[in-house]
Amino acid sequence: MSVSEPSTPAPQSGRTSRGFGRVLIVVYGVFGVSATARASAQIIRDFDEAPVAFSLSAFAAVVYLVATVALARDARRVATTAVLIELVGVLVVATLSLAAPDAFPRETVWSGFGRGYGYVPLVLPMVGLWWLWHTRPRPAPRPARS
Amino acid sequence: MVDGLVTVLEVACLIAAVVLGIEGARGKDPLWWHLAVVAAVELLLLVQAVIAVVLLVQGDQIKGSAGVFVAYLVFTVLALPVTLLWGLGEPSRWTLVALAVASLVVAVLVLRLDQIWAGV
């Protein structure tokens, strides 16, 4: 939307929960909650159908929740780890599910690069990493010498 | 579920998403009429939830997964108020953008609710 607008105020150094971060956290929260609900339903009802796929869905859901909380609490290291796991997860699982469809008889949130979710699972970690980089802690600018 | 209501909800959610998204992109801070837009959509969502509960109590059957249906129904009712509370922790243009995103998500979930109800 207006992320790259020049009028975007400079983020407070090191804070991931400010400004655009609020929007990002809402999206992460939505994903965390809905993925948790879906994975729980799948595991409770028909875990035996696709144990690997459903376990993976549950794992992905937990990672989204961790990322949500970490971003909201400015826990940069935890947030970075969670976001990186998501990026690796979506790339590896999507590639595997294309190469060996038998291993994933049922869709996970990461299958087909998140196709079932409008590719949000693929885009979200990239935006997350960009935001973490954008808000990286920077030393306060030194007063200019005259 | 109720076809007319689903259409009304979709239109309402999309209008809210576009209006709030544009206002956020223009750098506006949250104003009262923004909150009124959110409240109007939320009212429709509550109506839908009440109708769904009444239909279920009267013995209508969900053709899809009942657990997922109930989870999504709760989610559609809570999404906007929670986003609003979270966004007003730091009122800014991003509050409006966050609400626009939440409206889009609710629009998708209302469609899914209708599909699960019909067993699609």
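Refer to the structure presented above.
The following refers to the structure shown. (Residues numbered from 1 in each chain as written. Chains lettered and ligands numbered in written order. Predicted model: local features only at pLDDT ≥ 70, side-chain atom pairs only at ≥ 80, totals over all residues. Heavy atoms only, no water.)

1. With respect to the interface of chain B and chain A
In step 1: Between chain B and chain A, the residue contacts involve 18 residues of the former and 23 residues of the latter.
In step 2: Across the chain B/chain A interface, buried area totals approximately 1800 Å², and carbon plus sulfur atoms make up 73% of it.
In step 3: When the buried surface of chain B facing chain A is broken down by residue, Trp86(B), Glu90(B) and Trp94(B) rank first, second and third, together holding 40% of it.
In step 4: We note a salt bridge from Glu90(B) to Arg22(A), for which the minimum N-O separation is 3.2 Å.
In step 5: Linking chain B with chain A are three residue pairs in polar contact (both at pLDDT 80 or more).
In step 6: For the side of chain B that touches chain A, the elements supplying multiple residues, two or more each, are helix H1 (3–25), helix H3 (66–88) and helix H4 (93–118) of chain B.
In step 7: Considering each element in turn, the side of chain B that touches chain A owes the most residues, seven residues, to H3(B).
In step 8: Residue composition of the side of chain B that touches chain A, by class: 11 nonpolar, five polar and two charged. (Contact = heavy atoms within 4.5 Å. Buried area = accessible area lost by both parts, 1.4 Å probe. Salt bridge = Lys/Arg side-chain N within 4 Å of Asp/Glu carboxyl O. Polar contact = N/O pair within 3.5 Å; in protein donor to acceptor, adjacent residues only side chain to side chain. Helix = DSSP H or I, 4+ residues; strand = E, 2+ residues; numbered from the N terminus. Nonpolar A, V, L, I, M, F, W, Y, C, P; charged D, E, K, R; others polar.)

2. Quick word on the environment of Ala94(A)
Residues and elements named next belong to chain A.
In step 1: Relative to the assigned elements, Ala-94 resides in helix H3 (residues 76–99).
In step 2: The spatial distance from the C-alpha of Ala-94 to the C-alpha of Leu-84 is 15 Å, given a sequence separation of 10 residues.
In step 3: Discounting residues that sit within four places of it in the chain, Ala-94 has contacts with Gly-89, Trp-110, Gly-112 and Phe-113.

3. Brief notes about the packing of helix H1 (residues 20–46) of chain A against H4(B)
In step 1: Taken N-terminus to C-terminus, the directions of H1(A) and H4(B) make an angle of 20°; their axes are 8 Å apart at the nearest point. When the axes of H1(A) and H4(B) are compared, the pair comes out roughly parallel. As for the relative orientation of H1(A) and H4(B), their crossing is right-handed in sense. Residue-level contacts link Phe20(A), Val23(A), Val26(A), Val27(A) and Val30(A) of H1(A) to Trp94(B), Val97(B), Ala98(B), Val101(B) and Val105(B) of H4(B).
In step 2: Among the residues forming the contact of H1(A) with H4(B), the class breakdown is 10 nonpolar, no polar and no charged. (Axes fitted to C-alpha atoms, helices over the stretch in contact; angles between N-to-C directions. Parallel < 35°, antiparallel > 145°, perpendicular 65-115°, else oblique. Left-handed = near helix turned anticlockwise from the far one by under 90°.)

Note that all results are geometric; they support no functional claim without further evidence.
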